[in-house]
Amino acid sequence: MKARNLLFVLLWILPLPLVAQAPSAVLLDEEPHHHLSFENAFVKVHEVALPPHNAYKLHRHVVDEIAVTIAGGTAVVVTPDKPDVLQIYKDGDVRFVRTGRVHSTRNIGETTIRNVSIGFLRPQGDARNLCAAIFPGQPLHCPALPAADDAARNDQPLFETEQMRATLSRVHPQGSATLGESDRDELVIAIDPFVLADSVKMGPGRIVNAGDFLWLERKVASRALKNDRGEDARFVTFSFLP
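Described in the following lines is the structure provided in the data block. (Residues numbered from 1 in each chain as written. Predicted model: local features only at pLDDT ≥ 70, side-chain atom pairs only at ≥ 80, totals over all residues. Heavy atoms only, no water.)

1. A short note on the pairing of strand β16 (residues 194-197)
A regular strand places its side chains on the two faces of the sheet in alternate fashion.
Right, so step 1: Both faces of β16 are covered, namely the face carrying F194 and L196 and the face carrying V195 and A197.
Right, so step 2: Bridge analysis of β16 against strand β17 (residues 206-208) gives 3 bridges, and the strand direction is antiparallel. Looking across to β17, one finds that F194 is bridged to V208.
Right, so step 3: Bridging between β16 and strand β19 (residues 223-226) involves 3 bridges; their strand directions are antiparallel. Opposite A197, over in β19, you have A224 as the bridge partner. (Buried < 20%, exposed > 50% of the residue type's maximum accessible area, 1.4 Å probe, protein only. Helix = DSSP H or I, 4+ residues; strand = E, 2+ residues; numbered from the N terminus. Pairing = 2+ DSSP bridges.)

Here's what the structure looks like:
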C-alpha cells in the first residue's frame with residue numbers, strides 16, 4: 001500500500017518541474033534583436049536584424065503590428081502548442097500581426113533577415129484587404145484607381161483598418177514623386193534606397209537607405225523623392241486618419 005501511495009505522489013510531483021521549465025514569453029521591447037528607433041503617439045518603430053542560425057526569444061505582441069521585410073531569407077516560425085512553420089521572407093513583404101500573438105523565429109538560412117516592425121499604439125479595429133492578400137482567406141476590395149498623372153510612379157493600396165491605410169509605391173528609374181499629405185500624418189518605410197529633397201524643385205537631397213523610415217506630419221511642406229537607380233524604388237506608406 002505504501003508503495004502504491006508513493007507512486008501516486010511521484011506521478012503528481014514529476015510533471016511540476018517540467019511545467020516550471022517551460023519558456024516564458026518576453027515583451028517585444030525586451031527581445032534583443034528588436035531595437036526601438038522611433039516612438040510617438042501613433043507608432044513604435046523597431047529595426048530588426050536576425051543573423052543566420054540565430055533565433056528571436058519567445059515574445060509577445062501587445063499591440064497590432066506590421067512587419068516590412070527589407071532583406072529576406074528562410075526561417076522557421078515557432079508558436080507554442082502549434083506545429084513549426086517554414087517561412088520564406090522576400091524583400092518588400094508586408095505582414096500584419098494581431099495583438100496577443102506569441103511566437104519565435106529561427107533563421108535557418110545563410111543571410112541576415114532584416115525588417116522594420118511598426119507597432120500601432122491605437123487599436124486598429126477591423127481590417128480588410130485592398131489590392132493585396134495581407135489577410136489570408138479574406139476577399140480583396142481593390143478600389144478603381146484613377147489614371148496616374150505621373151507615369152513615373154505606381155501606387156498599390158495594400159490594406160486598411162479603421163485607423164489607417166497602407167500603400168506600396170514604386171517610383172520607376174530616374175523618376176520622382178511627392179511625399180506627404182496635407183490632412184494626414186504618414187509613416188514611410190523605404191524598401192529600396194532613394195534621394196529625398198525638401199521640395200519638388202529637387203534641390204540637394206539626402207540618401208534614404210533601405211530600411212530607413214520617415215515620419216511626415218500633416219500640413220508640413222511635402223517632400224520630393226527621386227530614384228537615381230536603374231530599377232524601381234519601393235516604399236510603403238502608412239497613412240493615419242486625422
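2. A short note on the packing of aromatic side chains
Right, so step 1: Evaluated as defined, the whole model comprises 11 aromatic pairs.
Right, so step 2: Ring centres 5.3 Å apart and planes at 50° place the aromatic pair F42 and F240 in the tilted group. With F42 in the loop between β2 (34-39) and β3 (43-50) and F240 in strand β20 (residues 233-240), this pair connects stretches of sequence that are 198 residues apart.
Right, so step 3: In this structure F42 comes out as buried when scored by relative accessible area, which is 12%.
Right, so step 4: Positioned above the aromatic ring of F42 is the side chain of R122, whose terminal nitrogen or guanidinium carbon lies 4.2 Å from the ring centre. (Phe/Tyr/Trp six-rings, centres within 6.5 Å; stacked < 30°, edge-to-face > 60°. Lys NZ or Arg CZ within 6 Å of the ring centre and 35° of its normal.)

3. So, the sheet that holds strand β6 (residues 73-78)
Right, so step 1: One open sheet holds the 5 strands; their spatial order is β1-β4-β9-β6-β7, and the pairing between them is mixed. Both edges of this open sheet fall to β1 (26-27) and β7 (85-89), since each of them pairs with a single strand only.

4. A few points about the side chain of E186
Right, so step 1: Looking at the element boundaries, E186 is found in strand β15 (residues 186-190).
Right, so step 2: Among buried charged residues, E186 stands out as having no salt bridge; its nearest opposite-charge side chain is R184, 7.0 Å away. (Lys, Arg positive; Asp, Glu negative; His and termini not counted. Salt bridge = Lys/Arg side-chain N within 4 Å of Asp/Glu carboxyl O.)

5. Let's talk about the side chain of S117
Right, so step 1: Within the secondary structure, S117 is located in strand β10 (residues 113-120).
Right, so step 2: A distance of 3.2 Å separates the side chain of S117 from the side chain of E65, its partner in a polar contact.
Right, so step 3: Once residues within four sequence positions are removed from consideration, S117 is found in contact with L28, K44, V45, H46, V48, E65, I66 and A67. (Polar contact = N/O pair within 3.5 Å; in protein donor to acceptor, adjacent residues only side chain to side chain. Contact = heavy atoms within 4.5 Å.)

6. Some points on unusual backbone geometry
Right, so step 1: Although it is not a glycine, Q174 adopts a positive phi angle of roughly 65°.
Right, so step 2: With respect to the helices, strands and loops of the structure, Q174 is situated in the loop between β13 (164-171) and β14 (176-179).
Right, so step 3: Here the phi dihedral of K219 falls at roughly 65°; this positive angle occurs in a residue that is not glycine.
Right, so step 4: Mapped onto the elements of the fold, K219 is located in the loop between β18 (213-216) and β19.

7. Concerning a nonpolar patch on the surface
Right, so step 1: A contiguous nonpolar patch, built from L86, I88 and I108 and spanning about 290 Å² of accessible area, is present on the exposed surface.
Right, so step 2: Within the secondary structure, I108 sits in the loop between β9 (102-107) and β10. (Patch = residues over 30% accessible without salt bridge, like charges linked within 9 Å, V, L, I, M, F, W, Y side chains within 5 Å. Areas by Shrake-Rupley, 256 points an atom, 1.4 Å probe, with all protein chains shown as cover.)

8. Quick notes on the state of the cysteines
Right, so step 1: Overall, the coordinates contain 1 disulfide when judged by the stated rule.
Right, so step 2: Covalent S-S linkage joins C131 and C142, the inter-sulfur distance amounting to 1.9 Å. Taking the sign of the S-S torsion, about 90° here, the bridge from C131 to C142 comes out right-handed. Separated by 11 residues along the polypeptide, C131 in the loop between β11 (127-129) and β12 (153-161) and C142 in the loop between β11 and β12 bring together distant segments of the chain.
Right, so step 3: The buried category is assigned to C131, whose relative accessible area is 15%. (Disulfide = S-S within 2.5 Å.)

9. Comments concerning the nonpolar core
Right, so step 1: Core analysis: the largest hydrophobic core is formed by 27 residues, its most contacted members being I66, V68, I118, L158, F159, F238 and F240.
Right, so step 2: With sequence-adjacent residues up to four places away left out, L158 is seen in contact with V94, N129, L130, C131, A132, I134, A166, T167, L168 and V236.
Right, so step 3: Counting residues in hydrophobic clusters, the runner-up holds 13 residues, among them V188, A190, F194 and L225. (Core = buried A, V, L, I, M, F, W, Y, C linked by side-chain atoms within 4.5 Å.)

10. Details of the environment of A151
Right, so step 1: Along the chain, A151 falls in the loop between β11 and β12.
Right, so step 2: C-alpha separation for the pair A151 and S176, spaced 25 residues apart in sequence, amounts to 9.7 Å.

Shape is all these values report; function is a separate question.
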